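# Structural characterization, general
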Amino acid sequence: ALYHPPGGIIRHAAVVWGYARGVDRMGIEIHPHTEVQAIETENGQVTAVQMDRGRIKTGTVVNATSGWCSTIARMVNVDLPIVSHPLQACVTEPLKPFLDKVIVSATLHVYVNQTDRGEVVIGAEIDPYASYNVASTLPTLEMMASHALELFPMLEEARVLRQWAGICDMTPDFSPIIGTVPGVKGFIVDAGWGTYGFKAGPAAGRMVAELIVSNKTPQLIEPFAFSRFYEDRLVGEKAAAAVSH
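Anyway, here's the lowdown on the structure attached to this text.

### Considering the overall build of the protein chain
Helix and strand counts for the protein chain come out as four helices and 11 strands. Its C-alpha atoms give the protein chain a radius of gyration of 20 Å, near enough to 18 Å, the size a compact globule of 245 residues would have. C-alpha atoms of the protein chain, sized along the principal axes, occupy 65 × 40 × 35 Å. For the protein chain, buried positions account for 38% of its 245 residues. Across the protein chain, every contact between residues at least 6 apart in sequence was considered, and the portion connecting residues at least 24 apart equals 63%. As displayed, the protein chain has an accessible area near 14,800 Å², and 57% of this comes from carbon and sulfur atoms.

Right under this line is the structure:
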């Protein structure tokens with residue numbers, strides 16, 4: 001068993017909007033619903049990004065596109081050792097508060113927690129196939145429900161209101177890729193976080209910013225270099241998330 005007293009739950013959407021407001025105050029522009037169509041290079045150096053809303057000249061691109069990072073990397077002829085898998089979850093109707101912890105089972109590969117609105121959130125491991133499809137599936141729902149009932153039999157009458165899926169970027173050693181890539185100057189990767197990395201995001205972002213400014217890889221992210229897959233220096237993190245690995 002594992003006991004993690006500092007663990008908690010945070011509203012991910014609220015955190016992202018908080019980041020957005022923060023960078024907006026710093027004068028940084030955010031362009032939602034904007035598709036990157038191509039990344040231009042010249043003599044091995046990033047020079048511009050072509051989007052469906054126009055073209056931006058730049059010498060630096062950070063690929064932090066999680067499940068779609070491989071498709072972006074191919075725009076500069078880089079093959080990332082990443083496979084994208086769907087990850088599904090569901091939420092029940094609101095119930096009276098009974099759970100103020102996150103319960104995770106490494107045996108059943110399921111996690112259960114309750115929101116402040118009373119909804120019970122149930123999640124599972126990644127789907128056992130590679131796909132970019134974010135449609136929910138009945139077999140996964142049945143698996144999540146049956147495993148959750150083994151932990152909480154009293155939920156057998158609860159109705160599931162919503163089910164959804166996201167795309168996870170899985171590396172061979174379940175650790176992220178952070179830093180530059182060989183052969184393409186100005187192209188930086190911060191991807192491969194798989195099913196975790198939410199809390200580590202700010203630290204990774206700070207290190208990537210330092211890399212861009214100093215043109216030197218900070219010591220903290222050196223172990224996560226792209227080159228580790230060719231140098232037999234894997235960083236095994238399979239135990240980092242008991243549910244999905």
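Moving on, there is more to tell.
### Quick notes on the packing of aromatic side chains
Using the criterion set out here, one finds three aromatic pairs in the structure. Look at Phe-226 and Tyr-230: their rings are 5.6 Å apart centre to centre, the planes differ by 50°, and that puts the pair in the tilted class.

### A short note on helix 3 (residues 138–151)
Across its 14 residues, helix 3 extends 20 Å between first and last C-alpha, which sits within 8% of the 20 Å expected from 1.5 Å per residue. All buried positions along helix 3 are accounted for by Thr-140, Leu-141, Met-144, His-147 and Ala-148. Within helix 3, the buried residues cover an arc of 140° as seen down the axis, which keeps them to one side. Seen from the open side of helix 3, the exposed residues pointing more than 90 degrees away from its buried face are Leu-138, Pro-139 and Glu-150.

### Notes on the sheet that holds strand 7 (residues 110–114)
Across a sheet, paired strands are connected by hydrogen bonds in the backbone, their directions being either parallel or antiparallel. Read across the sheet, five strands follow the order 6-7-8-5-9 without closing on themselves; strand pairing throughout is antiparallel. Only two strands of the sheet have a single partner each, and these edge strands are strand 6 (103–105) and strand 9 (160–170). Adjacent strand axes in the sheet meet at a mean angle of 15° when their direction is disregarded. In the sheet, strand 5 (residues 83–92) pairs with strand 8 (residues 120–126) via four bridges, with the strands oriented antiparallel.

### With respect to a nonpolar patch on the surface
On the surface, a cluster of nonpolar side chains totalling about 250 Å² of accessible area is made up of Ile-9, Val-102 and Val-104. Mapping Val-104 onto the fold places it in strand 6.

### Considering unusual backbone geometry
Backbone geometry places Asn-43, a non-glycine residue, at a positive phi of 55°. Tracing the chain through its elements places Asn-43 in the loop between strand 1 (36–42) and strand 2 (45–51). Given the relative accessible area of 79%, Asn-43 is considered exposed. Although it is not a glycine, Phe-174 adopts a positive phi angle of roughly 65°. Within the secondary structure, Phe-174 sits in the loop between strand 9 and strand 10 (177–181).

### Looking at the pattern of salt bridges
Counted by the stated rule, this structure contains eight salt bridges. The salt bridge partner of Glu-40 is Arg-55, with a shortest N-O separation of 2.9 Å. Here Glu-40 is found in strand 1, whereas its partner Arg-55 is found in strand 3 (residues 54–57), with 15 residues between them in sequence. A salt bridge links Arg-117 to Glu-119, with the nearest nitrogen and oxygen atoms 3.3 Å apart. Relative accessible area serves as the criterion here: at 8%, Glu-119 is assigned to the buried category. Through salt bridges that share partners, Arg-117, Glu-119 and Arg-162 make up one connected network.

### Brief notes about the side chain of Arg-228
Along the chain, Arg-228 turns up in the segment after helix 4 (201–214). The exposure class of Arg-228 is buried, given its relative accessible area of 0%. At 3.1 Å, the side chain of Arg-228 forms a polar contact with the backbone oxygen of Pro-176. Once residues lying within four places of it in the same chain are set aside, the contact partners of Arg-228 are Thr-171, Asp-173, Ser-175, Pro-176, Ile-177, Pro-223, Arg-233, Leu-234 and Val-235.

The rules behind each value
- Residues numbered from 1 in each chain as written.
- Predicted model: local features only at pLDDT ≥ 70, side-chain atom pairs only at ≥ 80, totals over all residues.
- Heavy atoms only, no water.
- Helix = DSSP H or I, 4+ residues; strand = E, 2+ residues; numbered from the N terminus.
- Rg over C-alpha atoms; globule rule 2.2 N^0.38 Å.
- Buried < 20%, exposed > 50% of the residue type's maximum accessible area, 1.4 Å probe, protein only.
- Contact = heavy atoms within 4.5 Å.
- Areas by Shrake-Rupley, 256 points an atom, 1.4 Å probe, with all protein chains shown as cover.
- Phe/Tyr/Trp six-rings, centres within 6.5 Å; stacked < 30°, edge-to-face > 60°.
- Expected span 1.5 Å × (residues − 1).
- Arc of directions from axis to C-beta.
- Pairing = 2+ DSSP bridges.
- Axes fitted to C-alpha atoms, helices over the stretch in contact; angles between N-to-C directions.
- Patch = residues over 30% accessible without salt bridge, like charges linked within 9 Å, V, L, I, M, F, W, Y side chains within 5 Å.
- Salt bridge = Lys/Arg side-chain N within 4 Å of Asp/Glu carboxyl O.
- Polar contact = N/O pair within 3.5 Å; in protein donor to acceptor, adjacent residues only side chain to side chain.

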